[in-house]
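Coordinate analysis (summary)
One-letter residues, chain by chain:
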2 protein chains.
Amino acid sequence: MVISEKHKIIIAGIGPGGEGSMTREVWRELEVCDTIIGYTVYTELMKPYFPDKEYLSTPMRREEERCRLAFEQAGMGKRVVMVCSGDAGVYGMAGLMLSLAPEYPECGVKVVSGVTAATAGAAVLGAPLMHDFAVISLSDLMTPWEKIAKRLLLAAEADLVICLYNPASRRRSDYLRRACEILMTVLEKECICGVVRQIGRDGEQAEVMTLQRLREYPADMFTTVYIGNSQTRMINGRMVTPRGYPAERAE
Amino acid sequence: MVISEKHKIIIAGIGPGGEGSMTREVWRELEVCDTIIGYTVYTELMKPYFPDKEYLSTPMRREEERCRLAFEQAGMGKRVVMVCSGDAGVYGMAGLMLSLAPEYPECGVKVVSGVTAATAGAAVLGAPLMHDFAVISLSDLMTPWEKIAKRLLLAAEADLVICLYNPASRRRSDYLRRACEILMTVLEKECICGVVRQIGRDGEQAEVMTLQRLREYPADMFTTVYIGNSQTRMINGRMVTPRGYPAERAE
């Protein structure tokens, strides 16, 4: 698809941490754009690097408004980058933007991917996602808890490594405990797990622990959680899932 | 963990495509290192950008040898970057490197994450991974097919979006068909799916189609495949999964 340079919107994931976690393509799009739009926390992160851009934002929970702002600005002939944390296509703004795009046929939209928290946090812990895995959000803001609980149970039965986004918030302080209790109906309580807080930012913390200990872990909204599969091991303090199943090796 | 600059090995994902898909941190590590080690395809990609580095590689299937080479070079006091396609921690070299690390206590190993094919291909297709998803490899080289089949079935029952890596090879030309037939025991044959070939490279191709059509799709080893969940739609030719389940909205 050819998108004219005018009326162009880039939806860009800026990675989970500092500017180092941004891709070179996203950086270049920020360099050449007129306007940067995003949730305030992320636009503030960009200002020191791109002080001469126009910045626009809307608060949390005002996502549709933020998207329409992007289309309106692009409709005025500006080149717009909408920034999201991590990857724009993983619990980010890409879906809503593309759902609204048919209302703004004069605008061209391109998604540019970034490093999502699942892989960035995995690198801090070691290599937990080396084999098949599931990414599941514990937020029940837009998904009923019964659906989340079923996904957890089936992912554990499938022996997938599980990465949890949004494991807790002020309102949902016991959700990680509830998730662990569901997982413990299938998994051993000694199953190797890991947590990373503030990935790539000041105060980054990581810890490897058992599922039993994870159940008591005080996660917050800046935590990403990993539950190993049956093969996951702790090696030199790191969480490592082997690439395959050597004992049952097919060839 | 503090890693001395000497005897240091960085395991870096270079993204799935050109240099634009590399993070700024990975680029800087390549700039300051002495030696770049990797599968030949990836070391060749680096040479035009970093012509003055020492390059070492081993062929496909010689992964352990490649890892030991990295530790030996670092043990000689060189600063080494091992490059992997996509993210080093998703079917990459990070797991094997960390498993061997205890044999080389003089070396410090750091994993630096990159953009994995799942999210990069998703950006090309639209926004298929906006909600909970599973990443499953169809390669049965190190995992028995029965295990893969079970994971496919449970992921579909969990209504997870599914991203398939390694959907086919010369030896496994019918594996995507077999996977689709398993998925069709649970999913509607009109379920929205997508494929991307050569993500971020010359000849990149993407197509959105039904599960029924996907069953006949001639995937190759350069293809990444996406199977939507019950909410996934085609919007303006793109594959989009909504962020939540508005009809069942919890609050």
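Structure first, text after, so check above.
A tally of regular secondary structure across chain A gives eight helices and 13 strands. Taking 2.2 N^0.38 as the reference for a compact globule, 251 residues should give roughly 18 Å; the C-alpha atoms of chain A span a radius of gyration of 20 Å, in line with that estimate. Its C-alpha atoms put chain A at 60 × 40 × 35 Å along the principal axes. When each of the 251 residues of chain A is scored for burial, the buried share is 61%. A sequence separation of at least 24 residues applies to 69% of the contacts in chain A between residues at least 6 apart. For chain A, the exposed area adds up to about 10,000 Å²; of that, 50% sits on carbon and sulfur atoms. Looking at charge distribution, chain A has the averaged site of its 30 positive side-chain charges lying 1 Å from that of its 32 negative ones.

Among the structural elements, A:Gly77 can be located in the loop between helix H3 (63–75) and strand E4 (80–84). Here the alpha-carbon distance between A:Gly77 and A:Asn229, two residues 152 residues apart in the chain, equals 50 Å.

This part takes up the packing of helix H6 (residues 145–157) of chain B against helix H7 (residues 175–183) of chain B. Residue and element names in this part refer to chain B. Where H6 contacts H7, the two axes come as close as 9 Å, and the packing angle between them is 45 degrees. Accordingly, the angle class assigned to the pair H6 and H7 is oblique. In the crossing of H6 with H7, the sense of the turn from one axis to the other is right-handed. Counted together, Trp145, Ala149, Leu152, Leu153 and Ala156 of H6 and Tyr175, Arg178, Ala179, Ile182 and Leu183 of H7 form the full contact between these two elements. Split by residue class, the contact of H6 with H7 holds nine nonpolar, no polar and one charged.

To continue, consider the interface of chain B and chain A. Facing 73 residues of chain B, the contacting portion of chain A comprises 73 residues. Both sides together, the interface formed by chain B and chain A hides about 6,100 Å², and carbon and sulfur atoms give 56% of it. For chain B, the biggest contributors to the area lost against chain A are B:Arg24, B:Met142 and B:Arg151; these three give 12% of the whole. B:Glu19 serves as the salt-bridge partner of A:Arg28, at 3.0 Å between the closest nitrogen and oxygen. When contributions to the side of chain B that touches chain A are tallied by element, the ones reaching two or more residues are helix H1 (24–32), helix H4 (94–100), strand E5 (108–112), helix H5 (117–125), strand E6 (126–127), strand E7 (133–137), H6 and strand E13 (238–240) of chain B. Of the residues contributing to the side of chain B that touches chain A, the split by class is 33 nonpolar, 20 polar and 20 charged. As paired elements, strand E7 (residues 133–137) of chain A and E7(B) share three bridges and run antiparallel to each other. Paired with A:Ala134 across the strands is B:Ala134, a residue of E7(B).

Before going further, it helps to spend a moment on helix H5 (residues 117–125) of chain A. All names here are of chain A. The element H5 is extensively covered by neighbouring structure, given that eight of its nine residues are classed as buried. Ala117, Ala118, Thr119, Ala120, Gly121, Ala122, Ala123 and Leu125 are the residues of H5 that are buried. Just past H5, the residue glycine 126 takes up positive phi, approximately 140 degrees.

This next bit is on the relation of the copies chain B and chain A. Once turned by 180 degrees and shifted 0.0 Å along the axis, chain B lies on chain A with an RMSD of 0.0 Å. The superposition of one copy onto the other is thereby described by a two-fold rotation axis. A symmetric contact is evident, with 100% of the interface residues of chain B recurring at the interface of chain A.

Remark: the empty space left among the atoms is shown by a probe the size of a water molecule rolled over them. Evaluation of the coordinates by the stated rule reveals one cavity of 30 Å³ or more. The calculated volume of the largest cavity comes to roughly 50 Å³. Contributions of two or more residues to the lining of the largest cavity are made by H5 and E7 of chain A together with H5 and E7 of chain B. In the lining of the largest cavity, the residues fall into seven nonpolar, four polar and no charged.

This brings us to the packing of aromatic side chains. Within this structure, the stated rule accounts for twelve aromatic pairs over all chains. For the pair A:Trp27 and A:Phe50, a centre-to-centre distance of 4.7 Å together with 55 degrees between the ring planes defines the contact as tilted. Linking A:Trp27 in helix H1 (residues 24–32) with A:Phe50 in the loop between helix H2 (40–46) and strand E3 (54–56), this pair joins segments that are 23 residues apart in sequence. With respect to class, A:Trp27 is no different from A:Phe50; both count as buried. Centre to centre, the rings of B:Tyr91 and B:Tyr165 are 5.1 Å apart; their planes meet at 50 degrees, and the pair counts as tilted. Note that B:Tyr91 is positioned in the loop between strand E4 (80–84) and H4 and B:Tyr165 in strand E8 (residues 161–165), a separation of 74 residues in sequence. Each member of the pair B:Tyr91 and B:Tyr165 is classed as buried. The ring of A:Trp145 carries A:Arg178 above its face, with NZ or CZ at 4.5 Å from the centroid.

Turning to the environment of A:Gln73, a few remarks are in order. Residue and element names in this part refer to chain A. Relative to the helices and strands, glutamine 73 resides in helix H3. It is 8.1 Å that separates the C-alpha atoms of glutamine 73 and histidine 7, two residues lying 66 residues apart in sequence. Residues contacting glutamine 73, with those up to four places away along its chain left out, are Thr35, Ile37, Glu54, Leu56, Lys78 and Val80.

Let's shift gears to the nonpolar core. A general tendency of soluble globular proteins is for nonpolar side chains to be buried together. By size, the foremost hydrophobic cluster in this structure holds 64 residues, and its most contacted members are A:Leu214, A:Ile227, B:Leu214 and B:Ile227. Listed in part, the 40 residues of the second largest apolar core include A:Tyr91, B:Val90, B:Val196 and B:Tyr226.

Quick look at unusual backbone geometry now. Residue and element names in this part refer to chain B. The phi angle at aspartate 159 is positive, at roughly 60 degrees, despite the residue not being glycine. Despite not being glycine, asparagine 236 shows a phi value in the positive range, around 50 degrees. Looking at the element boundaries, asparagine 236 is found in the loop between strand E12 (233–235) and E13. Its relative accessible area of 59% is what places asparagine 236 among the exposed residues.

Take the pattern of salt bridges next. For the structure on display, the rule yields 38 salt bridges over all chains. In this structure, A:Glu65 engages A:Arg62 in a salt bridge whose closest nitrogen and oxygen atoms are separated by 2.5 Å. Its relative accessible area of 39% is what places A:Arg62 among the partly exposed residues. If you follow the salt bridges from partner to partner, you end up with A:Asp132, A:Asp159, B:Lys147 and B:Arg151 in one network.

So, how was this worked out
- Residues numbered from 1 in each chain as written.
- Chains lettered and ligands numbered in written order.
- Predicted model: local features only at pLDDT ≥ 70, side-chain atom pairs only at ≥ 80, totals over all residues.
- Heavy atoms only, no water.
- Helix = DSSP H or I, 4+ residues; strand = E, 2+ residues; numbered from the N terminus.
- Rg over C-alpha atoms; globule rule 2.2 N^0.38 Å.
- Buried < 20%, exposed > 50% of the residue type's maximum accessible area, 1.4 Å probe, protein only.
- Contact = heavy atoms within 4.5 Å.
- Areas by Shrake-Rupley, 256 points an atom, 1.4 Å probe, with all protein chains shown as cover.
- Lys, Arg positive; Asp, Glu negative; His and termini not counted.
- Charge placed at Lys NZ, Arg CZ, Asp CG, Glu CD.
- Axes fitted to C-alpha atoms, helices over the stretch in contact; angles between N-to-C directions.
- Parallel < 35°, antiparallel > 145°, perpendicular 65-115°, else oblique.
- Left-handed = near helix turned anticlockwise from the far one by under 90°.
- Nonpolar A, V, L, I, M, F, W, Y, C, P; charged D, E, K, R; others polar.
- Buried area = accessible area lost by both parts, 1.4 Å probe.
- Salt bridge = Lys/Arg side-chain N within 4 Å of Asp/Glu carboxyl O.
- Pairing = 2+ DSSP bridges.
- Least-squares fit on C-alpha atoms with pLDDT ≥ 70 in both.
- 1 Å grid on protein atoms, 1.4 Å probe; cavity = no way out; pocket = protein on both sides within 12 Å on 5 of 7 lines; lining within 4 Å.
- Points joined across faces, edges and corners; volume = space filled by probe spheres on them.
- Phe/Tyr/Trp six-rings, centres within 6.5 Å; stacked < 30°, edge-to-face > 60°.
- Lys NZ or Arg CZ within 6 Å of the ring centre and 35° of its normal.
- Core = buried A, V, L, I, M, F, W, Y, C linked by side-chain atoms within 4.5 Å.

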